[in-house]
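A closer look at the structure
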Amino acid sequence: AEYMGRQELAKMHVAFVFDVDGVLLREKHEIPGAKDTLLMLQSLSIPFVLLTNGTGQTETQKAKEISRALGLTIHTEQTITAQTPFFQVAKEMASQRVLIVARNAESGARLASWYGFQNFTTVQEYAERHPVLNPFKRYADSASQVSFDDEEPIAAILLLEQPEDWGESIQVCIDLLKTDGVPTADRITNQQVVKVISGNPDFDYASKHCLPRLTLGAFRSCLEHIYKQYSNQDLMVSLHGKPFETVYRQSEEALVISSELKVPCESFTIYAVGDNPKSDICGANAAGSHWKSVLVRTGLFKGENDPIHPADLVFDDVKQAVQSILKSHGIACSV
């Protein structure tokens, strides 16, 4: 067998999964040391993927955005988002009609088509066809109005991105959830018939502002609260993204593909680096014994360690984290 040095052997068993916002970027600007850290891993042929709960972009768009921001090449295959599981959701829904909740109609249609949904309408299009659902908004083209009798029932509501108009989207979603998918008096039901499937469970995220910004998880929380006020029942939601298992399995598959030696993921120690204990650390801690959670202080988290979801390792930033981890494996590096 070909001789392999200790450092080369060690490199076969180390991999990284990086969160993006709060670890590598803040509001699309590099966090100091992030670019050099990824370039070093590329030069050492140590596999890594990016796992983000950010939504609203395809994996290809996200990879290009990160590549531009950092000035290096990130491939689509290295990019997993909270929406990536929707490729499988689209296969399961087949030709059933779904309502897409996204920033606007254009974004919703683009994302739905990318993930393979065959039969969809956006929440903005649905509201425009039925202005009676949202009497506080003036819609431009009254000619687009149609009868509810001509609407195919909505089988599922897909939360892909927080919408620009929360009020409009929540009203339409609640009307559908109170019925069997057609919001008329004769179709009201006491049980939830319409499925809700959501990406990005995060409630908020770190931004340039000193206080966190709300995101899709906050929108979902509003929807859940209002539904319970009406029905006295908890809204049943299928969640994707960190900390849920699906994206960790997809990250493992991506690491195997990106590894030059194509070794099984169980042979790696996978270091998941993030700034959000509730998503990044909670998810990594539950992903399996070959995963190690790493918390950095450049985003949401600022303390010593999180008391509820404690990380295996805590560092000031991604540069310090990767340098220390590689050193612990006997891998020489300099950033």
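First things first, this report covers the structure right here in the doc. (Residues numbered from 1 in each chain as written. Predicted model: local features only at pLDDT ≥ 70, side-chain atom pairs only at ≥ 80, totals over all residues. Heavy atoms only, no water.)

**Thoughts on the overall build of the protein**
Each helix and strand in the protein was counted, giving 11 helices and 15 strands. For a compact globule of 335 residues, the expected C-alpha radius of gyration is about 20 Å, and the protein comes in at 22 Å, within 12% of that figure. Each charge class in the protein was averaged separately, 31 positive and 42 negative side chains, and the resulting centres sit 4 Å apart. (Helix = DSSP H or I, 4+ residues; strand = E, 2+ residues; numbered from the N terminus. Rg over C-alpha atoms; globule rule 2.2 N^0.38 Å. Lys, Arg positive; Asp, Glu negative; His and termini not counted. Charge placed at Lys NZ, Arg CZ, Asp CG, Glu CD.)

**A few points about the pairing of strand β6 (residues 98–101)**
Residues Val98 and Ile100 of β6 are buried on one face, and the alternating residues Leu99 and Val101, pointing to the opposite face, are buried as well. Relative to strand β7 (residues 120–122), β6 is paired through 3 bridges, and the arrangement is parallel. Bridging across to β7, Ile100 finds its partner in Thr122. Crossover handedness for the path β6 to helix α5 (residues 105–115) to β7: right-handed. The pairing of β6 with strand β8 (residues 156–159) spans 4 bridges and is classified as parallel. (Buried < 20%, exposed > 50% of the residue type's maximum accessible area, 1.4 Å probe, protein only. Pairing = 2+ DSSP bridges. Right-handed = clockwise from strand over helix to strand, strands pointing away.)

**Details of the pattern of salt bridges**
Applying the stated rule across the entire model yields 16 salt bridges. For the salt bridge of Asp180 with Arg187, the shortest nitrogen-to-oxygen distance reads 2.9 Å. Exposure remark for Asp180: the relative accessible area of 25% places this residue in the partly exposed category. Between Glu252 and Arg249 there is a salt bridge, with the nearest N and O atoms lying 3.0 Å from each other. With Glu252 and Arg249 both in helix α9 (residues 245–258) and 3 residues apart, the pair spans about one turn of that helix. Residue classification places Arg249 among the partly exposed residues on the basis of a relative accessible area of 25%. Linked through salt bridges whose partners overlap, the residues forming this network are Asp19, Lys242 and Asp280. (Salt bridge = Lys/Arg side-chain N within 4 Å of Asp/Glu carboxyl O.)

**A word on the sheet that holds strand β4 (residues 48–52)**
Strand order in the open sheet made by the 6 strands is β5-β4-β1-β13-β14-β15, with parallel pairing throughout. Each of the sheet's edge strands pairs with one partner strand only, and the pair in question is β5 (79–81) and β15 (313–315). Between one strand axis and the next, the sheet turns by 25° as a mean value, whatever way the strands run. Sheet topology note: the strand β13 (residues 269–274)/strand β14 (residues 291–296) ladder contains 5 bridges and is parallel. In the strand pairing of β14, Gly274 is matched with Leu295. Sheet contacts for helix α3 (residues 59–70): β4 and β5; angle to β5, the most-contacted strand, approximately 120°. (Axes fitted to C-alpha atoms, helices over the stretch in contact; angles between N-to-C directions. Contact = heavy atoms within 4.5 Å.)

**Thoughts on helix α11 (residues 318–328)**
Every buried residue of α11 is listed here: Val318, Ala321, Val322, Ile325 and Leu326. On an axial view of α11, the arc spanned by its buried residues comes to 115°, and they lie on one face. Facing away from the buried side of α11 by over 90 degrees, the exposed positions are Lys327 and Ser328. On its buried face, α11 is in contact with β1 (14–18), α2 (34–44), β13, β14 and β15. N-capping of α11 is provided by Asp317, with a side-chain oxygen placed 3.3 Å from the backbone N of Lys319. (Arc of directions from axis to C-beta. Polar contact = N/O pair within 3.5 Å; in protein donor to acceptor, adjacent residues only side chain to side chain.)

So far we have only geometry, and geometry alone does not tell us how the molecule works.
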